[in-house]
Amino acid sequence: MVLNGGRGGGHHRLLVSGVAYELLRFAAMLALTLLGLIFITFLIGRVVPIDPVLAVVGDRASAETYARVREELGIDLPIHQQFWLYLGKVVQGDFGTSVITSQTVLHDLRQYFPATLELATAATLIGVLAGVPMGVIAATHRGRWIDHVTRIVGLVGYSMPVFWMGMVGLLVLYSWLDLVSGPGRLDIAYDGLVEPVTGLLTVDSALSGDWDVFRNALSHLVLPAGLLGYLTLAYISRMTRSFMLGQLNQEYILTARAKGVPERRVVWRHALGNIMVPLITVIALSYASLLEGAVLTETVFAWPGLGLYITRSLFNADMNAVLGGTLLIGAIFVCLNVFCDMLYRLLDPRART
Amino acid sequence: MRRLLLGLLLSATMLSSPVLAETPANTLVVAKNIDDIVTMDPAEIYELSNSEVAVNVYDRLMGLEIGDMANVAPKVAESYSVSEDGKVFTFRLKPDIKFHSGNPLTAEDVEFSLERVILLNLTPAYLFQALGWNQENVKDMVKVIDPLTLEFTVSEKYAPTYVLNLMSTVTSSIVDKKEALAHEKDGDMGHDWLKTNSAGSGAYSMRSWKANESVIMEANPDFRLGSPKIERVIIRHIPEGSAQRLLIEKGDVDIARNLTPDQIAGIAGNSDVVVETYPKATVYYLGLSQKVEVLRNPKVQEALRWLIDYQGMVDTFLKGQMKVHQAFWPSGFFASLEDTPYRLDVAKAKALLAEAGYPDGFKIQFDIANTQPYTAIAQSIQSTFGEAGIEVTINSAEVKQALTKYRARQQEMIYMYWGPDYLDPNANADSFASNPDNSDNSPSKPLAWRNSWDIPDITAETRAALQESDTEKRRQMYLDLQAKLQKSGPFINMFQESEQTVMRKNVKGFFSGPNADLVFYREVSK
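In this text the structure is predicted, and so the values were computed from the model without any measurement. (Residues numbered from 1 in each chain as written. Chains lettered and ligands numbered in written order. Predicted model: local features only at pLDDT ≥ 70, side-chain atom pairs only at ≥ 80, totals over all residues. Heavy atoms only, no water.)

So, about the interface of chain A and chain B. Taken together, the contacts link 57 residues of chain A with 57 residues of chain B. Contact between chain A and chain B buries roughly 5,200 Å² in total, counting both sides, with carbon and sulfur atoms accounting for 56%. Three residues, A:D59, A:R60 and A:I188, lead the burial of chain A against chain B; their summed loss comes to 15% of the area buried on that side. Linking chain A with chain B are 4 salt bridges. B:R407 is the salt-bridge partner of A:D59, the closest N and O atoms lying 3.3 Å from each other. At the boundary of chain A and chain B, one finds 23 residue pairs in polar contact (both at pLDDT 80 or more). (Contact = heavy atoms within 4.5 Å. Buried area = accessible area lost by both parts, 1.4 Å probe. Salt bridge = Lys/Arg side-chain N within 4 Å of Asp/Glu carboxyl O. Polar contact = N/O pair within 3.5 Å; in protein donor to acceptor, adjacent residues only side chain to side chain.)

Residues and elements named next belong to chain B. Taken together, 4 strands build an open sheet; the order of strands is β4-β5-β7-β6 and the sheet is antiparallel. Each end of this open sheet is capped by a strand with a single partner; those strands are β4 (77–82) and β6 (142–146). The average angle at which neighbouring strand axes cross in this sheet is 20°, direction not considered. Pairing of β4 with strand β5 (residues 88–93) involves 5 bridges; the strand directions are antiparallel. (Pairing = 2+ DSSP bridges. Helix = DSSP H or I, 4+ residues; strand = E, 2+ residues; numbered from the N terminus. Axes fitted to C-alpha atoms, helices over the stretch in contact; angles between N-to-C directions.)

Applying the stated criterion across every chain, the model contains 29 aromatic pairs over all chains. With centroids separated by 6.2 Å and ring planes inclined at 40°, the aromatic side chains of B:Y80 and B:F91 adopt a geometry described as tilted. In this pair, B:Y80 is assigned in strand β4 and B:F91 in strand β5, connecting sequence segments 11 residues apart. Aromatic side chains B:F328 and B:F432 sit 5.7 Å apart centroid to centroid with 20° between the ring planes, which places their arrangement in the stacked category. Of this pair, B:F328 sits in the loop between β13 (322–324) and α14 (346–356) while B:F432 sits in helix α17 (residues 426–432), and the two are 104 residues apart along the sequence. Its relative accessible area of 2% is what places B:F328 among the buried residues. Assessed through its relative accessible area of 0%, B:F432 is described here as buried. Linked through ring pairs, B:Y80, B:F89, B:F91, B:F128, B:W133 and B:F152 together constitute an aromatic cluster. Here the guanidinium or amino end of B:K250 rests over the ring plane of A:Y174, the centre of that ring lying 5.1 Å away. Positioned over the ring face of B:Y406 is B:R450, at 5.4 Å from the centre of the ring. (Phe/Tyr/Trp six-rings, centres within 6.5 Å; stacked < 30°, edge-to-face > 60°. Buried < 20%, exposed > 50% of the residue type's maximum accessible area, 1.4 Å probe, protein only. Lys NZ or Arg CZ within 6 Å of the ring centre and 35° of its normal.)

Moving on, we get to the pairing of strand β10 (residues 232–237) of chain B. A regular strand places its side chains so that they alternate between the two faces of the sheet. Residue and element names in this part refer to chain B. Burial analysis of β10 places 5 of its 6 residues in the buried class, the great majority of the element. The sheet contact formed by strand β1 (residues 27–32) and β10 spans 6 bridges and is parallel. Paired with A31 across the strands is R236, a residue of β10. With 5 bridges connecting them, strand β9 (residues 214–219) and β10 associate as antiparallel partners. Considered in β10, the bridge of S214 is made with R236.

Before going further, it helps to examine the side chain of A:S98. Residue and element names in this part refer to chain A. When you line up the elements, S98 lands in the loop between α4 (79–91) and α5 (105–140). Of the polar contacts made by the side chain of S98, one reaches the backbone nitrogen of I100; its length is 3.2 Å. At 2.7 Å, the side chain of S98 forms a polar contact with the side chain of D318. Those residues in contact with S98 that lie beyond four places of it in its chain are Q103, V105, D108, Y309, D318 and A321.

This part takes up the pattern of salt bridges. Opposite charge on two side chains makes pairing possible when the charged atoms of those side chains draw close. All names here are of chain B. Under the criterion given, the structure shown has 37 salt bridges over all chains. Put simply, E52 and R257 hold a salt bridge, and the shortest N to O gap is 2.7 Å. Within this pair, whereas E52 is found in helix α2 (residues 48–57), its partner R257 is found in the loop between β11 (255–256) and α10 (261–266), the two being separated by 205 residues in sequence. Grouping residues by exposure puts E52 and R257 together as buried. Ionic pairing is found between D254 and K526, a salt bridge with its closest N-O pair at 2.9 Å. Taken as a pair, D254 in the loop between α9 (241–250) and β11 and K526 in the segment after β19 (519–520) lie far apart in primary sequence, 272 residues in all. You can call D254 buried: its relative accessible area is 3%. For K526, a relative accessible area of 29% translates into the label partly exposed.

It is worth spelling out the domain arrangement of chain B at this point. Residues and elements named next belong to chain B. What the domain assignment reports for chain B is domain 1 (27–229 + 505–520) and domain 2 (281–498). Between domain 1 and domain 2 lies a buried interface of about 1,300 Å² when both sides are counted; carbon and sulfur atoms form 53% of it. Counting across the interface, domain 1 meets domain 2 through 1 salt bridge. Our count for the contact surface shared by domain 1 and domain 2 stands at 7 residue pairs in polar contact (both at pLDDT 80 or more). If you list the elements that add at least two residues to the side of domain 1 that touches domain 2, you get α4 (125–129) and α6 (160–166). It is α6 that provides the largest number of residues to the side of domain 1 that touches domain 2, a total of 5 residues. Each residue belonging to the side of domain 1 that touches domain 2 can be placed in one class, and the counts come to 11 nonpolar, 4 polar and 2 charged. (Domains from an automatic or database assignment. Nonpolar A, V, L, I, M, F, W, Y, C, P; charged D, E, K, R; others polar.)

This is the structure in structure tokens:
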């Protein structure tokens, strides 16, 4: 009893300290990454050859007005002082106000990030659901027509400018065939009908059971998500193919086949199972890069997302907004990293220490 | 697998079959690039797209109305008078004007609105600072006489039209004092709240502005000139002209504002839409920094005037968007100089360069914004200058970046635009033909300063024209100034802008005046 209890308690403590250690490690990683990001973005902000005061007061303000804003922005202070001031505010959850939207950066990110999240998630779903099977089939049918088709699909996805594909997509599917809706996230008739909860219009409208809005939001989402999904697919299918080819030559596959394991099981279970770790890394990275916002796609489709927000802020030297956006992206990268780490351990016994 | 993909695609498109594309009958939907909007407070508004909203949302003492773009007339004012010495202006207000909140519009609101421009000291404050108003004296300079009478004093005698023109700018928009103060924070006179809300008495009230998304305006049935014809105006942010083209052709928007000349040409055959051209007051010029020795040479300056293919550009990639205009004050207004003496003449330019001592040309750095049509203009200039042996290096950059360089006087040659803040010639003369202090620390940075053009005599002439109260004499003074700058000096004025707007055939009554703050929606019907 005592022994048992003791052992159990010890195991429990070990587990707790393990979790605590992991959490600590995660927090430290997050803090370090974000600190580094703030520092580098800050430096970049200093070397951008754009006068940030111009974004606030424009080209013709009087010297008096100019001087006041310059002082308010704190640009006259030495950079290390500016850095500490900003850091102090961020720690308190104050990311400052964007000079170009007149809103707090937090408010802006809450508004623009969901649009990007919705687009990126839909695109990644398309890319993974179609790309992984395509890559696997291409690998098992290496050199046959289906492999070539996959390669061509990938090549087109890689080499066509997304801007151009977006325009052609709009012209054909929206303008000519009337299959999807045009630029924007909703038709104006549906604007403001659904109370934002998550900010993802498809999710919010489904939650409130407003299916007209849902259909409309979906009809706006299909084309840009399909387009970005296609690019993701091109990348993921190529990577899956090359990972699979690496596995299919391995001896354990030969053994499995020799043992008479059905081919389907050999491919989809043994081989695919073994490439899961690198594949998840690839998927996570492509998801993360979509979450940064796709500036060109957002421009063509008038999609008010993070990419446009950060780009426009940068061109106006609106550093609060740029820093806030960069931090958000940094945090996403760290979180996805940790998530992948956890998945590895789940999938790969060797990774469990 | 393929069947699965096909199935997915089909179900996605079927699920999402959109409603028939047509905008609601009571709503006007406008596609426009509105990423320049940074605020909606009239004391801060300075960009184009928000000026356009403000003129529909706020009223002013004076202003231009549809039908007469030449003469400033009373709007909220019923009448006005100017004292003998030209320094005291008295305005009698129209009775019974109400703000959107229902509060009556009185002289107190006007006083509050004018004063807060100076007290807040935001971008456009310089317009009123020019009247001698500052944070210390403005409360004495602007006074309420009775609920419907306002009086203000200016520090010097100016041409009355200049002062009245200032009272017709966006900056002079009349804000609902009670409403603004109800939302005051830390003595900001409602500034923070007014950045994203409105408190006006104009034809429309602003329901919302979402940066990079939309502006929504609702009709004000009690508007001074009667209820607007259309109930709601939605300006959607569509950054790309090509996307705007698809939307307007499809009927998903009623008006598209940012199509390029080739996109306009592309819809010429579509009978569902019409294209309207509205002349604008923005002028485009080449600035030659006088810090650069060769550009100080008058013969070189003249040679360069003969080395630009003005008409060639206007006939091709600028078609419908620009017209040749070679004076600093735009054509079509009081005191406009309409002469366009220069055209591309390489032989003449070469002869002038030889006379100047540069028979083989010279090298020059050229700054320009990195968007169209600027890049095409830069290439045209590079090639025609090249014909005379002048080697042009183009530095294209983000417009704010080019502007930063320009304001630090680090450029050699630059192509830029200038839009007047108000439609009195002083708005341009004060920048092109005035440079009170050419030192690096000059408090003001007019265009003449940015090009290091030290001109005490011309600055004095500009000042004299500003103070001349005889209209005919004043007109002649501005004509002389323009003629002088057309022949010599660092400015080669090249073009004046036109806006091409595409509308669905059923849209009537849209009006876009020469400035951004003269775009009216209240007469629109469909």
